[in-house]
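Residues per chain are reported as follows:
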Amino acid sequence: MQPFKGYMIPGLYFESDYCLYILRWEETPTQIKKMTQIWFITPDNKKICYIDPSEGIPVFNKYHLFDEVTGAQINIQEDGNHIKIWCRTSNEEILTADIQPEVTLENRIVNLLLKIKYTKKLLITKGKTETGKAFSNEPVRIVNIADAKVIFHGKSQGRLIKRKRKIKIGDGEISEKALVNYCVHHLEE
């Protein structure tokens, strides 16, 4: 299993019935040392991925079967109170997002428990990707998301709401809660 280290936001669900995933890997075991992905799942379950750098597309395609995979320029700024994201292709702005994390008492307790080896083992999720490759996700730290504003192709996605439908990517399902999962994500070679 290959370790990808960084964070993921596993499913922000909006009034528009669109779902957004963000994956930001600060370390990968591939020739691409850093990789950022933005996934959109549309109301009709179309799966779209924007990836930076575009050289990461073959790595992505090894694990996922999406309807569209496009190289893009993705910029992320974090200041503790906001995660701001800009995504554009060579000819258009795709997305802007302002995500507001908040550390809650529940986060503090879970993060304390994550330091205990036994608890960490209980919180590891495992499964297979759409292409049948095994994965496991080991959370290191969890932070809730208080709010998020997203504009996709010039259109606001509305308020962040509790999901209305089940959305799965392989064996993984979007999170019930809006959160940032700082993690080590292991993928089968």
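Rules behind the numbers
- Residues numbered from 1 in each chain as written.
- Predicted model: local features only at pLDDT ≥ 70, side-chain atom pairs only at ≥ 80, totals over all residues.
- Heavy atoms only, no water.
- Disulfide = S-S within 2.5 Å.
- Buried < 20%, exposed > 50% of the residue type's maximum accessible area, 1.4 Å probe, protein only.
- Core = buried A, V, L, I, M, F, W, Y, C linked by side-chain atoms within 4.5 Å.
- Helix = DSSP H or I, 4+ residues; strand = E, 2+ residues; numbered from the N terminus.
- Contact = heavy atoms within 4.5 Å.
- Phe/Tyr/Trp six-rings, centres within 6.5 Å; stacked < 30°, edge-to-face > 60°.
- Arc of directions from axis to C-beta.
- Pairing = 2+ DSSP bridges.
- Salt bridge = Lys/Arg side-chain N within 4 Å of Asp/Glu carboxyl O.
- Patch = residues over 30% accessible without salt bridge, like charges linked within 9 Å, V, L, I, M, F, W, Y side chains within 5 Å.
- Areas by Shrake-Rupley, 256 points an atom, 1.4 Å probe, with all protein chains shown as cover.

Visitor: Help me out: how do you make sense of the state of the cysteines in this one?
Guide: Structurally, a disulfide amounts to a covalent bond that connects the sulfur atoms of two cysteines. In total, this model carries zero disulfides according to the counting rule given. Cys 49 takes part in no disulfide bond, and the closest cysteine sulfur to it belongs to Cys 87, at a distance of 9.1 Å. Cys 49 sits in the buried class, given a relative accessible area of 0%. For the unlinked cysteine Cys 183, the closest cysteine sulfur is that of Cys 49, found at 16 Å.

Visitor: Help me understand the nonpolar core in this model?
Guide: A general trend in soluble globular proteins is that nonpolar side chains are found buried together. Ranked by size, the top nonpolar core spans 29 residues in total, and within it Ile 9, Leu 12, Leu 20, Ile 38, Ile 85, Leu 95 and Ile 99 carry the most contacts. A total of five residues in this core trace back to one element, the largest contributor, which is strand 10 (residues 134–152). Filtering out sequence-adjacent residues up to four positions away, Ile 99 remains in contact with Ile 9, Leu 12, Ile 22, Asn 81, His 82, Ile 83, Ile 85, Ile 145, Asp 147 and Ala 148. Counting 23 residues, the second largest nonpolar core, distinct from the first, contains Ile 41, Val 59, Ile 174 and Leu 187.

Visitor: What should I look at first to understand the packing of aromatic side chains in this one?
Guide: Aromatic ring pairs are reported here in terms of the distance separating the ring centres and the angle at which the planes meet. One pass over the full model with this rule turns up nine aromatic pairs. On the numbers, 6.0 Å between centres and 75 degrees between planes, the contact of Tyr 18 with Phe 40 is edge-to-face. Residue Tyr 18 is located in the loop between strand 1 (2–13) and strand 2 (19–27), and its partner Phe 40 is located in strand 3 (residues 35–41); the two are separated by 22 residues in the primary sequence. Under the relative-accessibility criterion, Phe 40 is labelled buried at 0%. With 6.0 Å between their ring centres and 75 degrees between their planes, Trp 39 and Phe 60 make a pair best called edge-to-face. A residue pair is termed long-range when its members are at least 10 positions apart, and Trp 39 in strand 3 and Phe 60 in helix 1 (residues 57–63) qualify at 21 residues.

Visitor: Any chance you could explain helix 2 (residues 105–114) here in plain terms?
Guide: Quick reminder: α-helices carry 3.6 residues per turn. Residues three or four places apart thus point the same way. For helix 2, the complete set of buried residues consists of Asn 107, Asn 111 and Leu 114. The buried side chains of helix 2 occupy one side of the element, clustering within an arc of 55 degrees when seen end-on. Facing away from the buried side of helix 2 by over 90 degrees, the exposed positions are Leu 105, Arg 108 and Leu 112.

Visitor: How should the pairing of strand 7 (residues 83–88) be read in this particular structure?
Guide: One face of the sheet, then the other: side chains in a regular strand alternate in exactly this way. Across the two faces of strand 7 the burial differs, with Ile 83, Ile 85 and Cys 87 buried and Lys 84, Trp 86 and Arg 88 not buried at all. Across six bridges, strand 6 (residues 73–78) lies against strand 7 in antiparallel orientation. Looking at the pairing, Asn 75 lines up with Trp 86 of strand 7. The hairpin formed by strand 6 and strand 7 contains four residues between the paired strands, and Gly 80 there has a positive phi angle of roughly 95 degrees. As judged from the six bridges shared by strand 7 and strand 8 (residues 93–102), these two strands associate in the antiparallel manner. Paired with Lys 84 across the strands is Asp 98, a residue of strand 8. The antiparallel pairing of strand 7 with strand 8 creates a hairpin that spans four residues between the two strands.

Visitor: I would appreciate a short explanation of the pattern of salt bridges in the present structure.
Guide: Should their charged atoms come close, side chains of opposite charge can pair. Summed over the entire model, instances satisfying the criterion amount to ten salt bridges. When the shortest N-O distance is used, the salt bridge between Glu 26 and Lys 34 registers 3.4 Å. On the basis of relative accessible area, Lys 34 is assigned to the exposed category, the value being 51%. Residues joined by salt bridges that share partners form a network here, namely Arg 24, Glu 26, Lys 34 and Glu 78.

Visitor: What is the right way to read a nonpolar patch on the surface from this model?
Guide: Judged by side-chain polarity, Leu 105, Ile 109, Leu 113 and Ile 116 come together as a nonpolar surface patch covering roughly 360 Å² of accessible area. Among the secondary structure elements, Ile 116 is positioned in the loop between helix 2 and helix 3 (117–123). Taking the relative accessible area as the measure of exposure, Ile 116 reaches 43% and is therefore partly exposed.

Function-wise, these values are silent; they only describe arrangement.
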